[in-house]
Amino acid sequence: MSMMELFHQGGFIMYPLLVFSILAWTVATHKIFYLRAFIRESEKLNAEINQAISSKRFDDLKLTLTRFPEAISRPYAVVMEEIHTSKEDMADKLSRRLSETNSSLKENLWILGTIASSAPFVGLFGTVLGIMASFKAIGATGKSGFSVVAAGISESLIATAAGIIVAVIAVLFYNYFQTKVNKTAQSFRHQVEDSAELVLLARKTK
């Protein structure tokens with residue numbers, strides 16, 4: 001039996017599950033490329049900033065920041081500001097910018113979480129429809145043999161299995177990206193905080 005035949009035997013409930021599956025893979029694929037680009041660009045910017053700090057070329061840093069995405073550049077922009085009422089003031093502003101970056105990293109992960117939690121229930125709804133179809137067939141024929149209820153049972157089992165498979169895939173993606181995002185955000189925070197310390201030290205020794 002081909003996959004297409006299985007899909008059709010699962011009933012109309014397979015269509016929302018197909019949409020869930022496409023959404024999960026789309027979000028996961030986009031997030032993979034986004035995180036790779038974020039790590040690459042953040043490391044590149046960090047290297048350029050540290051090099052500029054070591055040579056005390058602070059005026060060049062503003063132009064450097066414009067070449068990078070805001071999620072990466074805005075925390076560094078806070079570090080480069082010369083007007084801060086105190087070190088604590090800079091830390092507060094930096095914390096807000098890093099929080100915005102963290103939100104950007106987590107963007108669309110809620111879709112995976114929603115699919116993971118709802119797909120089994122969609123599959124369960126397909127199970128109910130399949131069982132109802134079996135009872136309807138029994139009522140229409142007045143018989144209760146396996147041949148009468150086979151189509152309904154097959155529909156319910158396929159829908160249940162499909163819902164579980166989609167949910168498992170979404171959960172795996174969700175857990176992986178939650179871990180990856182947390183590690184990436186922590187590493188980025190450390191990079192920015194280290195640069196902040198270097199900036200403060202460089203300005204003191206001007």
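What counts and how
- Residues numbered from 1 in each chain as written.
- Predicted model: local features only at pLDDT ≥ 70, side-chain atom pairs only at ≥ 80, totals over all residues.
- Heavy atoms only, no water.
- Helix = DSSP H or I, 4+ residues; strand = E, 2+ residues; numbered from the N terminus.
- Buried < 20%, exposed > 50% of the residue type's maximum accessible area, 1.4 Å probe, protein only.
- Contact = heavy atoms within 4.5 Å.
- Areas by Shrake-Rupley, 256 points an atom, 1.4 Å probe, with all protein chains shown as cover.
- Salt bridge = Lys/Arg side-chain N within 4 Å of Asp/Glu carboxyl O.

Q: Just give me the short version of the overall build of the chain, but keep the residues and values in it.
A: Along the chain, the regular secondary structure elements total seven helices and zero strands. The helix and strand sequence of the chain, counted from the amino end, reads α-α-α-α-α-α-α. In the chain, buried positions account for 37% of the 206 residues. Considering only residue pairs separated by 6 or more positions, the chain has 78% of its internal contacts joining residues 24 or more positions apart. Carbon and sulfur atoms provide 64% of the accessible area of the chain, an area that totals close to 12,200 Å².

Q: Can you explain the side chain of glutamine 191? Please cite residues and give values.
A: Tracing the backbone through its elements, the reader meets glutamine 191 in helix α7 (residues 146-204). The residues contacting glutamine 191, other than those within four sequence positions of it, are Ser42, Glu43, Asn46 and Tyr76.

Q: Can you break down the pattern of salt bridges residue by residue, with the values?
A: Across all of its chains, the model carries five salt bridges by this definition. We note a salt bridge from arginine 40 to glutamate 41, for which the minimum N-O separation is 3.9 Å. Between arginine 189 and glutamate 193 there is a salt bridge; the shortest N-O distance is 3.6 Å. Here glutamate 193 and arginine 189 lie together in helix α7, a separation of four residues that amounts to about one turn. Overall, arginine 189 belongs to the partly exposed group, its relative accessible area being 32%. For glutamate 193, a relative accessible area of 32% corresponds to the partly exposed category. Three or more residues joined by partner-sharing salt bridges are found here, namely Arg74, Arg97 and Glu100.

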